[in-house]
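Overview (structure and organization)
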Amino acid sequence: MDSAPTSLLQGTLDLLILKSLMTGERHGLGISRRILQITRQTFHVKPGSLFPALHRMEEEGWISSFWGDSENNRRAKYYRLTNAGRKQLKLETKRWDRISWAIAQALEAS
Amino acid sequence: MPLLVKVRSFLRNLFSPQSREDDLDQEVRSHLDLLAEENIRAGMSPEEAQRAARMELGGIEVVKEQVRDDRKSEWLRSVFADVRYGARQLRKNPGTTAIMVFTLALAIGGTTAIFSVVYGILLRPLPYAEPNRIMAISEVTTRGHLSRLADPNFDDFRDQNRSFQAIAKYSDGVVSVSGASQPMRLQVAAVSTDFLKVFRVQPIIGRDFTGSDTKKGAARVVLVSNGYWKEYLGASPDLSESHLKIDNALYSVIGVLPAGFQFPRDVALWLPADLDGENTSRTSHNFSCVGRLRDGVTVVQAKGDISSIARRIHDTASDQNEYLLKDGAVLPLQDSITGETRSPLLILLGAVGFLLLVACANVANLLLAQASVRERELAIRSALGAPRRRLVRQFLTEALLLSLVGGGLGVLGAIFGVAGLVGLAPESLPRLDSVSINIPVLLFALLLSTTVAVGLGAFTAVRTTSRDLRNALVEGGRGQAGTQSGAKVGRLIVAAQMAITLVLVIGAGLLGRSLMKVLEVNPGFRVEKIVAMEVSLPGADDPKAKATQAIFFSNLIGRLQQIPGVQKVGAASSLPLDDNGLPDGMFLLLNQNEVPKNLADFDALFLQKERMGVADFCVASRGYFEALQIPLVRGRMFDERDGADSPHVAVISESLASERWPGQDPIGHTIEFGNMDGDLRLLTIVGIVGNVHQYGLDSPSRPTVYVDLFQRPRSAITLTMLSESDTKPVASSARAILQELDPEVPAKFRTFSQVYSSSLGSRRFNLILIGFFGVTALLLTTAGVFGVMAYSVSRRTREIGVRVALGAGSREVLAMILGQGIRTILIGVAAGIAGALALTRTVVSLLFGVTATDPLTFTAVILLMIAVALLACYIPARRATRVDPLVALRYE
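Residues numbered from 1 in each chain as written. Chains lettered and ligands numbered in written order. Predicted model: local features only at pLDDT ≥ 70, side-chain atom pairs only at ≥ 80, totals over all residues.

Turning our attention to the overall build of chain A. A count of helices and strands for chain A gives 5 helices and 3 strands. In sequence order, chain A lays out its α and β elements as α-α-β-α-α-β-β-α. The contacts of chain A with a sequence gap of at least 6 include a subset with a gap of at least 24, amounting to 52%. (Helix = DSSP H or I, 4+ residues; strand = E, 2+ residues; numbered from the N terminus. Contact = placed C-beta atoms within 7 Å.)

A few words now on the overall build of chain B. Of the regular secondary structure elements, chain B holds 27 helices and 22 strands. The C-alpha atoms of chain B give a radius of gyration of 38 Å, which is well past the 29 Å a tight globule of 892 residues would have. When its C-alpha atoms are laid out on the principal axes, chain B stretches across 135 × 80 × 55 Å. The 892 residues of chain B split such that 40% are buried. Considering only residue pairs separated by 6 or more positions, chain B has 84% of its internal contacts joining residues 24 or more positions apart. (Rg over C-alpha atoms; globule rule 2.2 N^0.38 Å. Buried ≥ 20, exposed ≤ 12 C-beta atoms within 10 Å, placed from the backbone.)

Turning next to helix α10 (residues 299–316) of chain B. All names here are of chain B. Between its terminal C-alpha atoms α10 stretches 26 Å, which fits the 26 Å expected from 18 residues at 1.5 Å a residue. Of the positions making up α10, those classed as buried are Ala302, Ile306, Ala310 and Ile313. Looking down the long axis of α10, one finds its buried residues gathered within 60 degrees of arc, a one-sided arrangement. Those residues of α10 that are exposed and angled more than 90 degrees off the buried face are Val300, Arg312, Asp315 and Thr316. (Expected span 1.5 Å × (residues − 1). Arc of directions from axis to C-beta.)

Take helix α21 (residues 727–741) of chain B next. Its 15 residues give α21 of chain B an end-to-end C-alpha distance of 21 Å, which sits within 8% of 21 Å, the value for a rise of 1.5 Å per residue. Those residues of α21 of chain B hidden inside the fold are in contact with β12 (530–536), α17 (543–560), β13 (566–572), β21 (716–723) and β22 (747–751) of chain B.

All right, on to the sheet that holds strand β1 (residues 26–27) of chain A then. All names here are of chain A. Read across the sheet, 3 strands follow the order β1-β3-β2 without closing on themselves; strand pairing throughout is antiparallel. With one partner strand each, in any of the chains shown, β1 and β2 (63–69) form the two edges of the open sheet. Across 7 bridges, β2 lies against strand β3 (residues 75–81) in antiparallel orientation. Bridge pairing in β3 links Phe66 to Tyr78. (Pairing = 2+ DSSP bridges.)

Moving on: the domain arrangement of chain B. Entries for chain B in the domain assignment read domain 1 (2–72), domain 2 (142–325), domain 3 (340–519 + 761–890) and domain 4 (539–743). Each of domain 3 of chain B and domain 4 of chain B was reduced to a C-alpha centroid, and the two centroids are 58 Å apart. (Domains from an automatic or database assignment.)

Glancing now at the confidence of the model for chain B. Residue and element names in this part refer to chain B. Of all residues in chain B, 93% have pLDDT values of 70 or greater, and the mean over the chain is 85. In this model, residues 476–482 is a region of pLDDT below 50 whose contacts with residues beyond four sequence positions or in other chains number 11 contacts. Taken together, the chains of this predicted complex give a pTM of 0.77 and an interface ipTM of 0.85. (pLDDT = per-residue confidence, 0-100.)

See below:
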């Protein structure tokens, strides 16, 4: 599976990225792998979608970045949630809950 | 906080793109390294790990481009890039670019200049508080014309209306004023009490009129304009010592109006209207009227209100005659001031709009030609993945660059153009002082430039990018097959251009023919070598004052006749063709034993319709007819026999003779015209003189009754001196003589030629402008035809070479190219004729002596157009015949 669903549901990728940063700062690859992990291998976010989203979200002020060293002492760019990002995560989560509830209702209706 | 972050990152992207780029590059590369490392840990060999990482990443540059695309500031940066690129494109062809910019500057500048006049006169609100609530109120005559108000009618309007919070009458004229520094002829308005309240204006010093100032016999008071106060009263804040002698009566200055208040036009002083009592006649239309609507009352409601009062007056009036009002009218003051100039101005705006279209067509053709050269470049950009909208945007950007630069230059030109227009404009054009290049006009220019840019850019873009651009690559830039449709569009544009130009030039031709026809009109008098001197004595109506006036004018004329070079001296109440005009009214055919004793008796006689006549009333001296060479048709002129105490005589115009006395001899008849000057003595008709075009060469001459200046003197007259020598010394000698006779009487000098010329002012103004637009459009179209043909020939060089190689002679080549041109010309001319037939109707009001479809004008202009266009085709066609097949085939 690739990131096709993200283009289907605008904002899903943002939500996943914000969620993956909840547990601490990560570099791009780390975020991608974390998403793969928390979605049980459903969403494999490729760099072509990931980096534009990261830069856009940084412009929005939801995440901030800094250069740091990886586990293996490689220089990598790390991202972390800002306060605005935490707020946005809550907002996106609520919105998502509402959507998934509504879709579930729709599917259950006969 | 997030806002700050956004702004900061936006600015950083915009202004330090390099560090951003480096950062992005490092980030993507480190990502690649991390991926490879991960793969190695999963057990791949280093090479394999590298390749798999690259596969997953999908291309460093592609990822970077995607990030850039998502950045907020990206569009702005790409706009900058487009602008830079566009500017480079335009610089590459400096000649073409200069032509395009100049063409657009001319068109946008011209349109802006005309718009500034239209805006200043028609659209700009009057400079008063809530100007759209100020109305002009008029009577409507039996014939449906608007007319000024008679005093009792105004009183009824004022007292009975429920629509106006303030309503006032006013009239203005020139009177002599002395007492300030030197005697002067000034524009003075007589107004009723609430005049300033209508405009919501208050004196900056002193006080407004009150009801007691304007009553009959009240102490004489006057309000002065700011300009007059500064210039002649020394801007003194203390008015208690300021007195002015106006028409021989002393007035105290009670107030100074704010700067900028100038209504009616050019007025310096405002006096109460009814100090000598009102005129009780309901048919003496002496006053204009303005009112300010009550809150919530609409113009339509006010019109209904005034209309019903007017009809009530009409139905109940005792003296029913054709001078009695039939209805009332209410118009916004601005419309009433600008009413007559509206349609000529809109015609001018339309004409300059046509010029704009013609100019844009030329630029469009040049852009198309350029774009076809660039097809290869576009194809490459497209093949490299530039989306179509990006290419379209590139064209829009270039067009915007062109038209903004052109528009900017145009506005600079318009600043001078407007000064020229205002100088050229006829005096009769109202509100000229409010014409300038101001913010709304600049906004208009900006909007216009943008519209032109979007039009041109979209047109070129659609034309250029709609075809499959790969063809351009296949064609290898030889540009043969794909350009056929492009050339067709170019020719269509030229045809449209010719059509528009034809309409414009025919319009100009019709105006020109009209002016020629007007100049052919025999005015009925001579114009050259006549010096006119306007004099007004202090006015008073009693017989004693009149006798003094008669003696004064007699002396004055006698003295003027002795000026060296002066041959004839005459005097009349008003010069023909001058703006002032003559009073008109109804006279009665009476005989000696029916003479009324007073004006009231006189009114009663008007019930006898068969004894009535209508004419203009002119006071003149014998010398007037001689100086202006108005011919005596029959009978005699005024002469020495006609003293103040001998029977009063009249000379009438030929038109009056044939209208009132058809088939009869009017000489010897007696008429009563005392309602014009208060003198009830009968006038015996002694002579008939030629008709005079009093109200303009293009207006029919009107029936006129002339009375002798020495029998019926008046205070304000114009002296006419026929002089063989220079006008200047005559004028200064005349001024000296007047000074000697009475130093307090001011005079105004003009030559009759000036009066004649300014009477044609608005006709000339329209002709000069539309003529200029027409000639410019013609030049542009010629350039357009030439350009398209020359371009077509150069694109077809190879084809022509092949034809020549296969045996086509130069005659055939010429015929082929010319044939193509002629088809275009004929299409354009046909469309133009249709357009002209449909559109010249709108200029009918400006025409004189020609119809809107004048065959001579149409034929002449069509032939001119065809000739010019053929010439423009012929030159490139000649060049085509000289194509050397060898050179042409080796061309590429």
